[in-house]
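# Structural overview for review
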Amino acid sequence: EEWKDKGAAVGIRQEVDASGKPVNRVVKKGVKDFNFGRTLGEGSYSTVLAATDRQTLREYAIKVLDKRHIIKEKKVKYVNIEKDTLNRLTDHPGIVRLYYTFQDERSLYFVLDLASGGELLGFLKKMGTFDEECTRFYGAQILDAIGYMHSRGVIHRDLKPENVLLDSQMHVKITDFGTAKILDIKRPNGSGAVAGDPMDGADTDRAVSFVGTAEYVSPELLTDKNACKASDLWAFGCIIYQLLAGRPPFKAGNEYLTFQKIVALEYSYPDGFPEVARDLVDRLLVLDPAKRLPIEHIKNHQFFDGISWGPGLSLNSWAAP
Ligand code: ATP
């Protein structure tokens with residue numbers, strides 16, 4: 001069996017035992033526990049459906065993957081990466097949570113948080129551009145989620161507005177961890193890289209193939225075939241730019257020309273681009289990943305003045321502008 005079952009997500013249900021004492025029971029769910037509804041979207045190897053848990057009536061998004069298609073296209077590895085990373089990232093409101101996985105003869109099923117607001121890209125296209133306040137609102141949530149995944153040893157490697165989903169409250173849920181990289185965080189204390197080192201997790205495997213999306217790919221991936229935590233911050237800089245400008249900073253007629261612009265750091269700002277945001281983006285779109293602004297400094301940048309970082313950031317303390 002190709003599909004790893006270790007670390008499978010299972011649900012915990014609170015029940016009361018015979019003496020009235022609350023107990024946690026581990027429950028395994030399967031296809032028959034859900035009512036399947038409308039199609040939310042289609043990927044190359046998957047269909048995502050809205051579904052309701054028959055028992056709790058809670059709504060989820062269920063990603064259904066066709067086993068034969070995945071095997072034929074040699075994507076088993078990526079499906080396992082997606083599952084393994086999501087199982088590491090179950091504790092942050094800014095990341096799509098994986099609740100259960102199960103399978104039948106034909107398909108694999110991932111039961112996920114429902115992001116009913118769709119993709120941030122779709123919302124941006126509707127708006128054209130975001131103002132500074134709106135960019136700060138979404139930017140802060142994206143950054144907080146990146147900080148969480150990095151702290152759990154995960155580099156996303158394909159951050160872009162299509163992979164930032166929105167829930168019913170218009171709060172962000174980052175998705176698409178199929179090309180993520182899991183770092184070895186079992187390193188003994190005091191050895192190895194310094195905490196917060198932006199090169200932490202730099203890939204030693206030089207033969208890594210291109211992952212990501214042309215417009216958001218970092219220069220180090222193009223020149224050294226190396227992605228590190230700071231590569232996600234390059235993509236974050238591209239996203240902040242795009243929210244304010246309505247288009248990504250590096251865009252050309254084809255991928256090759258886009259790559260040329262990236263390695264030459266060839267980008268410019270449209271008129272009216274806010275000065276403070278420009279300063280932040282300039283400190284993120286830096287060719288040397290070691291010189292890119294680290295997360296803690298980004299949080300303290302003037303652009304994010306007024307944000308109270310920490311638990312609750314994307315939970316209840318503020319509403320979407
Ligand atoms: P590809 O595999 O081709 O790169 P993809 O990564 O977008 O495509 P999926 O992750 O299967 O593929 O997503 C398919 C569509 O379903 C996307 O358009 C996405 O917006 C939507 N979708 C994915 N996850 C959710 C979710 N948790 N809630 C709501 N919609 C979702």
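One can find the structure itself at the top, above this paragraph.
A brief structural summary. Here the structure is a predicted model, which is why all the values come from computation and not from measurement. (Residues numbered from 1 in each chain as written. Predicted model: local features only at pLDDT ≥ 70, side-chain atom pairs only at ≥ 80, totals over all residues. Heavy atoms only, no water.)

## Topic: the side chain of Asp113
Here is the rule we go by: Numbering goes from the N terminus for both helices and strands, where a helix is a DSSP run of H or I of at least four residues and a strand is a run of E of at least two. Polar contacts here mean pairs of N or O atoms no more than 3.5 Å apart (in protein, one a potential hydrogen donor and the other a potential acceptor; neighbouring residues in sequence count only if both atoms are side-chain atoms). Note on contacts: a residue pair is in contact if any heavy atoms of the two residues lie within 4.5 Å.
With respect to the helices, strands and loops of the structure, Asp113 is situated in the loop between strand S7 (107–112) and strand S8 (118–119). In this structure the side chain of Asp113 is engaged in a polar contact, spanning 3.0 Å, whose partner is the backbone nitrogen of Arg97. Look past the residues within four positions of Asp113 in its chain and what remains in contact with it is Arg58, Ala61, Ile95, Val96, Arg97, Tyr99 and Lys173.

## Thoughts on the layout of surface pockets
Rules: In this analysis, the protein atoms alone were mapped onto a 1 Å grid. Cavities are point sets where a 1.4 Å probe fits without being able to get out; pockets are open sets with protein on both sides within 12 Å along at least five of seven lines; lining residues have an atom within 4 Å of a point. Grid points are joined across faces, edges and corners, and a volume is the space filled by probe spheres set on the points. Side-chain classes are defined by residue name, with Ala, Val, Leu, Ile, Met, Phe, Trp, Tyr, Cys and Pro counting as nonpolar, Asp, Glu, Lys and Arg as charged, and the others, Gly among them, as polar.
If you add up the space inside the largest pocket, you get close to 1,000 Å³. Together, 32 residues line the largest pocket, and Gly43, Ser46, Lys63, Asn163 and Asp176 are the ones closest to its centre. Where the lining of the largest pocket is concerned, the elements lending two or more residues are strand S3 (34–42), strand S4 (46–53), strand S5 (59–66), helix H2 (76–88) and S8. Looking at the lining of the largest pocket residue by residue, the class counts come to 13 nonpolar, ten polar and nine charged.

## Looking at the pattern of salt bridges
To be explicit about the condition: What makes a salt bridge here is a side-chain nitrogen of Lys or Arg within 4 Å of a carboxyl oxygen of Asp or Glu, nothing more. Partly exposed describes any residue whose relative accessible area lies between the buried limit of under 20% and the exposed limit of over 50%, with all areas from a 1.4 Å probe on protein chains only and scaled to the type maximum.
Under the counting rule described, the total for this entry stands at ten salt bridges. One salt bridge connects Lys251 with Glu215, and the closest N-O pair in it is separated by 3.5 Å. One end of the pair, Lys251, is in the loop between helix H6 (229–245) and helix H7 (255–263); the other, Glu215, is in the loop between strand S12 (181–182) and helix H5 (219–224), with 36 residues separating them in the sequence. Assessed through its relative accessible area of 47%, Lys251 is described here as partly exposed. A salt bridge links Glu220 to Arg292, with the shortest nitrogen-to-oxygen separation between them at 2.8 Å. Of this pair, Glu220 sits in helix H5 while Arg292 sits in the loop between helix H8 (275–284) and helix H9 (295–299), and the two are 72 residues apart along the sequence.

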